[in-house]
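# Fold and geometry: a report
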Amino acid sequence: AVLSATESTCYDELARRARCVAKKNSHARVDRLMGLCMHKGVSMLASIFGVLYAGCAYVPLVPKHPTARLVVVVSDSGLRCFLLNNSLVTLPKAAIRSVARNERITIQGGGGGRSLCYVLFTSGSTGKPKGVLLEHYNLVHFVDSMFARHHLQPTLRTLATAAYTFDVHAHNIFETLYASGQVYVFPKLEMLECISDMVSSHKIDALQCTPSLVASL
């Protein structure tokens, strides 16, 4: 199902790890947003599905983003619960302080199609970053349409080029796993340095990237 620079996992194992994440966070209400602060890898995907198994919605965070942006994301989404995949992943103190001031924000729960799936924040290049709410209904229709249009097969191998803070991650992850394919996740720097070799050695079928990156292939 998923292969990273340090490990690989089958569908059964990915589902087991996701259920463990959901169980460990069973204290979280089904109508809660959970912050994900993860390095790119198998644990990131297991955590995404674990949050969804728990009936919650996830808000992806990148520790290296500017502190001001992290404070806005944490504050505006009212985050009070976080998943971090190791002790090296930390949030700036200013972002942590904003958690204490957050009031609990309730989202549409119940597990139906109109339940919230994830929240992505815009870049903020034209002002303050704004949260965009995606429902399960949106994601399922998108994946279904892509599956039908591209006639995706279980042999599909996708190189996940996008960070999970961008909506393209839905292409990389959900679309591929829906087709019973394989997702390859590598750290950005490592991927950019040898993307041509990765595509060749792993027999990658699909990736989404900029024209300049395509030229390097």
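See the structure shown above.
Everything in this summary refers to the structure shown in the same document. Because the structure is predicted, anything quoted here is derived from the model rather than measured.

## Here we look at the overall build of the chain
The number of helices and strands found in the chain is 9 helices and 9 strands. The contacts in the chain between residues at least 6 apart in sequence include a share of 68% that link residues at least 24 apart. Working note: accessible area of the chain is about 11400 Å², and carbon and sulfur atoms make up 56% of it.

## Overview of the packing of aromatic side chains
With the rule as written, the count across this model stands at 3 aromatic pairs. The interplanar angle of 80° and the centroid separation of 5.1 Å between the aromatic rings of Phe147 and Tyr178 together place this pair among those described as edge-to-face. Of the two residues, Phe147 sits in helix α5 (residues 136-150) while Tyr178 sits in helix α6 (residues 169-178), which places them 31 residues apart along the sequence. For Tyr178, a relative accessible area of 45% gives the class partly exposed.

## Let's talk about the nonpolar core
With 35 residues, the main nonpolar core has Leu36, Leu45, Ile48, Tyr58, Tyr118, Phe174 and Leu177 as its most contacted residues. Only α1 (11-24), β3 (33-37), α2 (42-53), β6 (116-121), α5, α6 and β9 (182-185) provide two or more residues apiece to this core. The greatest single-element share of this core, amounting to 8 residues, is contributed by α2.

## Notes on the pattern of salt bridges
Pairs can form between side chains of opposite charge once their charged atoms are near each other. Applying the stated criterion to the full structure yields 3 salt bridges. Among the salt bridges present, the one from Glu7 reaches Arg17, with a minimum N-O distance of 3.1 Å. On the criterion of sequence distance, the pair formed by Glu7 in the loop between β1 (2-4) and β2 (8-9) and Arg17 in helix α1 is long-range, its members being 10 residues apart. According to the relative accessible area criterion, Glu7 is partly exposed, its value standing at 30%.

## Details of α2
One turn of an α-helix holds 3.6 residues; hence residues three or four places apart share an orientation. Over its 12 residues, α2 runs 16 Å from end to end, which matches the ideal 16 Å to within 8%, given 1.5 Å per residue. Burial of α2 is extensive: 10 of the 12 residues sit out of reach of the surface. If you check which residues of α2 are buried, you get Val42, Met44, Leu45, Ala46, Ser47, Ile48, Phe49, Gly50, Val51 and Leu52.

What counts as what
- Residues numbered from 1 in each chain as written.
- Predicted model: local features only at pLDDT ≥ 70, side-chain atom pairs only at ≥ 80, totals over all residues.
- Heavy atoms only, no water.
- Helix = DSSP H or I, 4+ residues; strand = E, 2+ residues; numbered from the N terminus.
- Contact = heavy atoms within 4.5 Å.
- Areas by Shrake-Rupley, 256 points an atom, 1.4 Å probe, with all protein chains shown as cover.
- Phe/Tyr/Trp six-rings, centres within 6.5 Å; stacked < 30°, edge-to-face > 60°.
- Buried < 20%, exposed > 50% of the residue type's maximum accessible area, 1.4 Å probe, protein only.
- Core = buried A, V, L, I, M, F, W, Y, C linked by side-chain atoms within 4.5 Å.
- Salt bridge = Lys/Arg side-chain N within 4 Å of Asp/Glu carboxyl O.
- Expected span 1.5 Å × (residues − 1).

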